[in-house]
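Residue strings, one per chain:
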Amino acid sequence: MGDVVLVRRMTQDSDGAFIRWTLRQVPEVQGAFMAMDVNTGRVLAMQGGFSYQYSVFNRATQALRQPGSSFKPFVYAAALDSGYTPATIVVDAPIEINTPQGLWVPQNSSGQYYGPTPLRTGIEQSRNLMTIRLAQEIGMRTVAEYAERFGVYDDGDMEQVLSASLGSDETTLYRMVAAYAMLANGGERVEPTLVDRVQDRFGTTVYRHDTATCPDCSILRLPEGDSPTIETHRERIINAITAYQITSMMEGVVQRGTAARAIDLPVPVAGKTGTTNEAKDVWFVGFTSNIAAGCYIGYDTPRSMGSASGGGLCAPVFQEFMAEAVQRFGGSDFPVPDNCQFINIDRFSGARLGDDAAGENVVAECFREGEEPLFGITFDGGFEMAGDLPLVEEVQAASRNVTTATGEQATVGPNASFGTLSSGGLY
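All residue numbers refer to positions counted from 1 along the written sequence of the respective chain. Local features in this predicted model are restricted to residues of pLDDT 70 or higher, and side-chain atom pairs are both shown and tallied only at a pLDDT of 80 or more, whereas totals for entire chains, interfaces and linings draw on every residue. To obtain the side-chain values, all non-hydrogen atoms of the structure were used and water was disregarded.

Participant: Sorry if this is basic, but what is going on with the packing of aromatic side chains here?
Facilitator: Describing an aromatic ring pair means giving the distance of the ring centres and the angle of the ring planes. Any Phe, Tyr or Trp ring, taking Trp's six-membered ring, that has another such ring centre within 6.5 Å forms a pair; planes under 30 degrees apart are called stacked, those over 60 apart edge-to-face, and the others tilted. Counted by the stated rule, this structure contains eleven aromatic pairs. A ring pair is formed by Y180 and F287, whose centres lie 6.4 Å apart and whose planes are at 70°; its orientation type is edge-to-face. With Y180 in helix α5 (residues 173-184) and F287 in strand β12 (residues 282-287), this pair connects stretches of sequence that are 107 residues apart. Just as Y180 is buried, F287 falls in that class too. Three or more aromatic residues joined by ring pairs make a cluster, and in this case those are F71, F74, F150, Y153, Y180, F287 and F334. Counting as a charge over the ring demands two things of the Lys NZ or Arg CZ atom: a distance within 6 Å of the ring centre and an angle within 35 degrees of the ring normal. Sitting over the ring of Y299, R303 keeps its end group 3.7 Å from the ring centre. Under the DSSP-based scheme used, a helix requires at least four consecutive residues in state H or I and a strand at least two consecutive residues in state E, with every element numbered from the N terminus. Accessibility here uses a 1.4 Å probe with only protein chains present; expressed as a share of the type maximum, an area under 20% marks a residue as buried, one over 50% as exposed, and anything in between as partly exposed.

Have a look at this one:
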C-alpha cells in the first residue's frame with residue numbers, strides 16, 4: 001500500500017483512442033545524442049539524457065566517456081597522411097606489452113587473429129590488434145597530434161600510450177561528432193554552435209558564427225550557368241584525399257562491417273561503432289554528405305552492460321534519427337577530391353586488380369595522383385610474431401576469378417598467412 005508507480009497512457013495508433021494504462025519505469029542506463037550540419041556547424045539536435053526533469057546533466061557536452069573503437073578513424077587518418085593507403089597490409093596477430101601495471105594482452109572482440117590484412121578491412125571489422133600495430137608504426141605522438149587537431153582532446157591532454165589508440169582516453173560526444181563532421185566536409189575545421197547570430201535591438205549583427213562570405217552575391221546578374229561563389233575561410237585539418245579515403249573506408253563499416261545490420265539509409269552514409277571493455281560505453285558516430293550525428297549509451301557510473309555493442313544499441317538510434325533527417329535535408333555522394341586516381345583492389349588480400357574487375361571482393365580505392373602504391377610490403381609494428389598461429393580464414397566472395405593489371409585472368413586465393421606475403425604497402 002502507498003507505492004507510487006509510473007504509468008503511460010496506451011492509445012490506438014489509428015485514432016488515438018484510449019486502450020489502457022501501462023507500467024513504465026525510469027531507466028538506469030543513460031546516454032546522449034547529437035546531430036550537426038557538417039558545413040555550418042549548426043547543432044540540429046541534442047539530447048543530453050533520458051529526461052531533463054530527472055537530471056539536468058547534459059551528457060552530450062559534459063559527460064567524459066571512453067569512445068572505444070569510434071576513435072580509430074583518427075588513428076587511420078594519421079596513418080593515411082603518413083604514407084599508408086587503404087590497401088596497406090598490417091598484421092593482425094597477438095601482442096603482449098609490458099606496462100607499469102603489468103602485462104597487457106589486447107584482444108580483438110572476436111578473440112581471434114586474421115593474419116596480414118588491408119587497412120580497409122581493419123577498420124570495417126574494427127580490428128584492435130591491427131590498430132595497435134599501426135599506432136606503433138606511426139607513433140602515438142602522431143596519433144595524439146591528429147586527435148588534438150580534430151578537437152577530440154585539448155592540446156597536450158591525450159595520453160600517448162598504445163591503449164589510447166583503442167579509445168581509452170575519455171572525451172565527450174559533442175567533441176566526437178564535431179570531429180567526424182570535419183571528415184565529412186573534406187577535412188576542414190568546423191565548430192559546432194547553438195547560436196547562429198546575435199543582433200542588437202536595431203538589427204545590427206554583433207555576432208555571427210558562420211564566417212563564410214559571398215563576394216558574388218552583390219552582383220545583380222551572373223553569367224548564365226554560374227552560381228555565387230561561397231568562400232568558407234575554413235582551416236584545413238587534413239588533406240582532402242585523406243578525408244575521402246577514411247570516409248570511403250567508413251562507408252565499408254556501414255555496408256559490410258560492424259554496423260551493416262543496423263544502418264539502411266537511401267543516401268551514402270559512413271560511420272564507426274565503438275564498444276569499450278565490458279561494454280561500459282557503446283557508441284556509433286556517422287555522417288551523410290551534410291549531417292554528422294552520434295550516440296553513446298552507458299550508465300552514469302560506468303559498469304558493464306553485458307553483451308551490448310555500439311552496432312547493437314547506438315547504430316539503431318542513429319538509423320531512426322537519420323531516416324527522418326534525410327527526408328528533410330537529403331544527401332548525396334561524398335564529393336571526390338581533385339587528383340584522386342582510382343585503382344581496383346581486392347579487399348581481402350590487398351592485391352591490385354584490373355580496371356574491369358568485378359565482384360564483392362573488388363573495391364575502387366582512391367590514391368593520390370602520380371603516387372603509385374608499392375605492393376608486397378607488410379607492417380607488423382615491430383612486435384614479435386610466431387609462425388604457427390591459428391589464423392582464422394574469413395568468409396570471402398564466392399567468385400574469386402579476377403582480371404589482373406596486365407589483362408590476364410587469375411584466381412585470387414585466400415587471405416595471406418605468415419608463410420606468405422600479401423600485397424599492399426606504401427605509395
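Participant: Hey, could you run me through the state of the cysteines in this one?
Facilitator: Each disulfide is one covalent bond, formed between the sulfur atoms of two cysteines. We call a pair of cysteine sulfur atoms a disulfide whenever their separation is within 2.5 Å. All told, the structure shown has two disulfides when counted by the stated rule. Across a sulfur-sulfur distance of 1.9 Å, C214 and C217 are joined as a disulfide pair. The S-S bond linking C214 to C217 shows a torsion near 85°; that makes this disulfide right-handed. Judged by relative accessible area, which is 22%, C214 ranks as partly exposed. Covalent S-S linkage joins C340 and C366, the inter-sulfur distance amounting to 1.8 Å. Here the residue C340 occupies a position in strand β14 (residues 340-346), and C366 occupies one in strand β15 (residues 362-368), the gap between them amounting to 26 residues.

Participant: Even after reading the chapter, I still don't get the side chain of N128, so can you show me in this structure?
Facilitator: Residue position: N128 is located in helix α3 (residues 128-138). Using a relative accessible area of 14% as the deciding quantity, one classes N128 as buried. Leaving out residues up to four positions away in the same chain, N128 has contacts with S69, K72, Q107, N108, S109 and L166. Two residues form a contact once any of their heavy atoms are found within 4.5 Å.

Participant: How should I be thinking about the sheet that holds strand β5 (residues 89-92) in this particular structure?
Facilitator: Hydrogen bonding along the main chain pairs the strands of a sheet, whether they run parallel or antiparallel. Paired strands are those between which DSSP finds at least two bridges. A sheet is described by the order of its strands in space; here three strands give the open sequence β8-β5-β16, paired in mixed fashion. With partners counted over all chains shown, the strands left at the sheet margins are β8 (115-118) and β16 (378-379), one partner each. Pairing of β5 with β8 involves four bridges; the strand directions are antiparallel. Note on β8: the bridge partner recorded for V90 is T117. Note on geometry: axes are C-alpha line fits, over the in-contact stretch for helices, and angles between N-to-C directions span 0 to 180 degrees. Across the sheet, α3 touches β5, β8 and β16, and the angle it forms with β5 is around 125°.

Participant: Would you mind going over the packing of helix α1 (residues 72-81) against helix α4 (residues 140-149) with me for this structure?
Facilitator: The packing of two helices is summarised by the inter-axis angle and the distance between the axes. Two elements in contact, α1 and α4, have axes whose closest approach is 9 Å; the angle formed by their N-to-C orientations is 110°. The angle between the axes of α1 and α4 places the two elements in the roughly perpendicular class. For the pair α1 and α4, the crossing hand works out as right-handed. Facing α1, whose interface residues are F74, V75, A77, A78 and D81, α4 presents T142, V143 and Y146. Note on residue classes: Ala, Val, Leu, Ile, Met, Phe, Trp, Tyr, Cys and Pro are nonpolar, Asp, Glu, Lys and Arg are charged, and everything else, Gly too, is polar. The residue inventory of the contact of α1 with α4, partitioned by class, reads six nonpolar, one polar and one charged. Here is the rule for angles: anything less than 35 degrees is roughly parallel, anything more than 145 is roughly antiparallel, 65 through 115 is roughly perpendicular, and the remaining ranges are oblique. By convention the crossing between two helices is left-handed if the near helix lies anticlockwise of the far one by an angle smaller than a right angle, and right-handed if it lies clockwise.

Participant: In this structure, what is going on with the pattern of salt bridges? I would like to understand it.
Facilitator: Side chains bearing opposite charge may pair, as long as their charged atoms lie close to each other. Definition used for salt bridges: Asp or Glu carboxyl oxygen within 4 Å of a side-chain nitrogen of Lys or Arg. For the coordinates displayed, the defined rule picks out 16 salt bridges. Its salt-bridge partner being E28, residue R303 comes within 2.9 Å of it at the nearest N-O pair. Placement of R303 in the loop between β13 (291-298) and α7 (310-329) and of E28 in the loop between β2 (18-24) and β3 (30-37) is noted, with a sequence separation of 275 residues between them. A residue is classified by how much of its surface remains accessible, and E28, at 58% relative accessible area, is exposed. Between R234 and E188 there is a salt bridge; the shortest N-O distance is 2.7 Å. Placement of R234 in the loop between β10 (205-208) and α6 (240-256) and of E188 in the loop between α5 and β9 (197-199) is noted, with a sequence separation of 46 residues between them. Owing to a relative accessible area of 21%, R234 belongs among the partly exposed residues under this scheme. Since its relative accessible area comes to 16%, E188 is described here as buried. Through salt bridges with shared partners, one network takes in R120, E124, R256 and E365.

Participant: How do you make sense of the side chain of R120 when you look at a structure like this?
Facilitator: Tracing the backbone through its elements, the reader meets R120 in helix α2 (residues 119-124). Residues adjacent in sequence count toward polar contacts only when both atoms are side-chain atoms; beyond that, a polar contact is any pair of N or O atoms within 3.5 Å, and within protein one must be able to donate a hydrogen and the other to accept it. Looking at R120, its side chain comes within polar contact range of the side chain of E365, at 2.5 Å. Once you skip the residues sitting within four places of it in the chain, R120 turns out to touch P86, S248, M249, G252, R256, R347, V363 and E365.

This is a description of form; function is not addressed.
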